[in-house]
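Descriptive analysis of the structure
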Amino acid sequence: MKLYEKNQQTSYALGVTLVFELLKKKKKLARKLYFSPLFKEGESKEQLIHLAKEAHIPIIQNNQKIFSLSEKESCYAIGEFQKEEESLKEDCDHVLLVNPSNQGNLGTIMRAMASFSCYDLGIISPNADPFAPKTIRSSMGAFFSLRVKTYSSFELYQKEYPNHSFYPFMLNASSSLDKLSFAPLTTLIFGNEATGLPSSFLKVGKSIRIPMEESVDSLNLDNAASIALYTLYLQRKFK
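Residues numbered from 1 in each chain as written. Predicted model: local features only at pLDDT ≥ 70, side-chain atom pairs only at ≥ 80, totals over all residues. Heavy atoms only, no water.

What the chain contains, in helices and strands, is six helices and 11 strands. Taking 18 Å as the expected radius of gyration for a compact globule of 239 residues, we find that the chain reaches 19 Å, a close match to that expectation. Taking the principal axes of its C-alpha atoms as reference, the chain extends roughly 60 × 35 × 35 Å. Of all 239 residues assigned to the chain, the portion counted as buried reaches 50%. Across the chain, every contact between residues at least 6 apart in sequence was considered, and the portion connecting residues at least 24 apart equals 80%. Where the 29 positive side-chain charges of the chain centre and where its 25 negative ones centre are 3 Å apart. (Helix = DSSP H or I, 4+ residues; strand = E, 2+ residues; numbered from the N terminus. Rg over C-alpha atoms; globule rule 2.2 N^0.38 Å. Buried < 20%, exposed > 50% of the residue type's maximum accessible area, 1.4 Å probe, protein only. Contact = heavy atoms within 4.5 Å. Lys, Arg positive; Asp, Glu negative; His and termini not counted. Charge placed at Lys NZ, Arg CZ, Asp CG, Glu CD.)

Pasting the structure below:
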């Protein structure tokens, strides 16, 4: 086992909770299960062993040096998994992130998506690595509930999903989120943490702003995405 690098074919879920999510939601991608010698016998360990056997992957008990991969002292299990993108569903709502640069924000958005029943994430490169252990950890394992696919340009995504209605979130948009009714097939679009979306997105679909006090110039990317996802969730669930 070695430190994660973006160009390698596998990544790691660091921690018992994340390994459970991997083995329950994407066990076909699981490749190895590592146990810390400090992981005491008990129900959680027994359940992980059972899930690993169902997934037909080896269980490796090794010295504590392996667990230096994790920044958490209480990391008792690591799941190694195959990195694999998955096509987004044509009949579901999507989130599209244009050039996201922070793994923590990316993971937090994944967690919000799973919380509000949106499971399809498109990412326009260049971008933070969605498979990085930090991203997986920030998502609290929600990554394994999602379908994630990267595109080299917005035009390629747009061509693949012509039936979706696009909603770019921009500070200078004319339409307000609190007065919007989303179309049956929706793509929520967000830009880079530092620069937001290019002005060209004002001509894409229906641009949206989140109403807020004038004393605050903008919201963090993950906060804005969470608010939009919650609004979409309420409309889908209760209207």
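Right, let's talk about the sheet that holds strand β2 (residues 30–35) for a bit. What the four strands build is an open sheet, ordered β1-β4-β2-β3; its pairing is mixed. Pairing within the sheet leaves two strands with one partner each, and these edge strands are β1 (10–14) and β3 (59–61). In this sheet, neighbouring strand axes are inclined to one another by 25 degrees on average, regardless of whether the strands run parallel or antiparallel. Against the sheet, helix α1 (residues 16–25) contacts β1, β2 and β4 (77–82), and its axis sits at roughly 35 degrees relative to β4. Lying on the sheet, helix α2 (residues 43–55) is in contact with β2, β3 and β4; it crosses β2 at an angle near 155 degrees. (Pairing = 2+ DSSP bridges. Axes fitted to C-alpha atoms, helices over the stretch in contact; angles between N-to-C directions.)

This part takes up a nonpolar patch on the surface. A cluster of nonpolar side chains, Met-212, Val-216, Leu-219 and Ile-227, forms an exposed patch at the surface whose accessible area comes to about 280 Å². Topologically, Leu-219 is positioned in the loop between β11 (208–209) and α6 (221–238). (Patch = residues over 30% accessible without salt bridge, like charges linked within 9 Å, V, L, I, M, F, W, Y side chains within 5 Å. Areas by Shrake-Rupley, 256 points an atom, 1.4 Å probe, with all protein chains shown as cover. Salt bridge = Lys/Arg side-chain N within 4 Å of Asp/Glu carboxyl O.)

So, on to the packing of aromatic side chains. In this structure the tally under the stated criterion is 16 aromatic pairs. Plain terms: the ring middles of Phe-116 and Tyr-233 are 5.6 Å apart, the flat faces sit at 45 degrees to each other, and that makes the pair tilted. Highlighted residues: Phe-116 in the loop between α3 (103–115) and β6 (120–124) and Tyr-233 in helix α6, separated in sequence by 117 residues. Judged by its relative accessible area of 21%, Tyr-233 falls in the partly exposed class. Their ring planes at 85 degrees and their centres at 5.0 Å tell us that Tyr-167 and Phe-182 sit as a pair that is edge-to-face. Residue Tyr-167 is found in strand β8 (residues 165–168), and its partner Phe-182 is found in the loop between β9 (175–176) and β10 (186–190); the two are separated by 15 residues along the sequence. These aromatic residues form a ring-pair network of at least three members: Tyr-151, Phe-154, Tyr-157, Tyr-161, Phe-166 and Phe-201. For the cation-ring pair, Lys-45 lies above Phe-35, with the distance from its terminal atom to the ring centre recorded as 5.3 Å. (Phe/Tyr/Trp six-rings, centres within 6.5 Å; stacked < 30°, edge-to-face > 60°. Lys NZ or Arg CZ within 6 Å of the ring centre and 35° of its normal.)

Let us now look at the packing of α3 against α6. One can describe the packing of α3 onto α6 by two numbers: an axis separation of 9 Å at closest approach and a directional angle of 10 degrees. Between α3 and α6, the interaxial angle falls into the category roughly parallel. Taking contact as the criterion, the partners of Asn-105, Thr-108, Ile-109, Ala-112 and Met-113 in α3 are, on α6, Leu-221, Asp-222, Ala-225, Ser-226 and Leu-229. Each residue belonging to the contact of α3 with α6 can be placed in one class, and the counts come to six nonpolar, three polar and one charged. (Parallel < 35°, antiparallel > 145°, perpendicular 65-115°, else oblique. Nonpolar A, V, L, I, M, F, W, Y, C, P; charged D, E, K, R; others polar.)

Two residues of an α-helix separated by three or four positions point the same way, owing to the 3.6 residues in each turn. Relative to the 18 Å expected for 13 residues at 1.5 Å per residue, α2 spans 18 Å between its end C-alpha atoms, a close match to the ideal helical length. Residues of α2 that are buried make contact with α1, β2, β3 and β4. (Expected span 1.5 Å × (residues − 1).)

Another aspect to go through is the nonpolar core. In this structure, Leu-48, Val-95, Leu-121, Phe-169, Leu-188 and Phe-190 are the most contacted members of the largest nonpolar core, which totals 59 residues. Setting aside residues up to four positions removed in sequence, Leu-48 forms contacts with Val-16, Val-19, Phe-20, Leu-23, Leu-33, Phe-35, Phe-39 and Ala-77. (Core = buried A, V, L, I, M, F, W, Y, C linked by side-chain atoms within 4.5 Å.)

With that settled, consider α3. With 13 residues, α3 should reach 18 Å at 1.5 Å per residue; the first-to-last C-alpha distance of 18 Å fits that figure. Considered for burial, the residues of α3 that qualify are Gly-104, Asn-105, Leu-106, Gly-107, Ile-109, Met-110, Ala-112 and Met-113. Turning to α3, the residues buried within the fold contact β5 (94–98), β6, α4 (133–138) and α6. Looking at where α3 begins, the residue whose side-chain oxygen comes 2.8 Å from the main-chain nitrogen of Gly-104 is Asn-102. (Polar contact = N/O pair within 3.5 Å; in protein donor to acceptor, adjacent residues only side chain to side chain.)

Before going further, it helps to examine the sheet that holds β8. Strand order in this open sheet of five strands is β7-β6-β5-β10-β8, and the pairing throughout is parallel. Each edge of the open sheet carries a strand with a single partner, namely β7 (147–151) and β8. Going from strand to strand, the sheet's axes swing by 20 degrees on average, the running direction of each strand aside. Bridge count between β5 and β10: four bridges; the pairing is parallel. Residue Leu-96 lies in a different strand from β10, and its bridge partner there is Ile-189. Each of β5 and β6 touches α3; the most contacted strand, β6, lies at about 155 degrees to it. Contacts from α6 reach β5 and β10 within the one sheet, and its direction differs from that of β10 by about 165 degrees.

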